[in-house]
Amino acid sequence: GSRLGFVEASLNTAEACQKCPYGFLCRGGCRRNRQLDQAGTLGENYFCPAYQKFFQAALPRMEQIAARLSHAAAP
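The rules behind these values
- The numbers attached to residues start from 1 for each chain and follow its sequence in the written order.
- Local features in this predicted model are restricted to residues of pLDDT 70 or higher, and side-chain atom pairs are both shown and tallied only at a pLDDT of 80 or more, whereas totals for entire chains, interfaces and linings draw on every residue.
- No hydrogens and no water enter the side-chain calculation; it runs on all heavy atoms of the structure.
- Each pair of strands is called paired provided DSSP finds at least two bridges between the two strands.
- In this text, helices come from DSSP runs of H or I with a minimum length of four residues, and strands from runs of E with a minimum of two, each type numbered from the N-terminal end.
- Salt bridge criterion: a side-chain nitrogen from Lys or Arg within 4 Å of a carboxyl oxygen from Asp or Glu.

### Looking at the pairing of strand β2 (residues 42-45)
Pairing analysis gives two bridges linking strand β1 (residues 34-36) to β2, with the strands arranged antiparallel. Bridge pairing links R34 to N45 in β2. Counted between consecutive antiparallel strands, the loop separating β1 from β2 contains five residues, among which G40 sits at a positive phi close to 85°.

Right under this line is the structure:
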């Protein structure tokens, strides 16, 4: 259906996203916020610069939290 097509199309990210150190976290963001290039192909997310600033600041703390949770869950 159309929902599955929407999800599948969302998996296609811009080349900049594939090279971005935070691409594994945001995965291009919401498709609705991606800008279309002249060919009509989904490109970079409108909020990309803000996501990059956020992840640059928050990622070290997020990694610390994940490590603590991982150790707490270990048998």
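### Notes on the pattern of salt bridges
Inspection of the entire model under this criterion finds one salt bridge. For the salt bridge of E15 with K19, the shortest nitrogen-to-oxygen distance reads 2.9 Å. Of this pair, E15 and K19 both sit in helix α2 (residues 15-19), separated by four residues, roughly a single helical turn.

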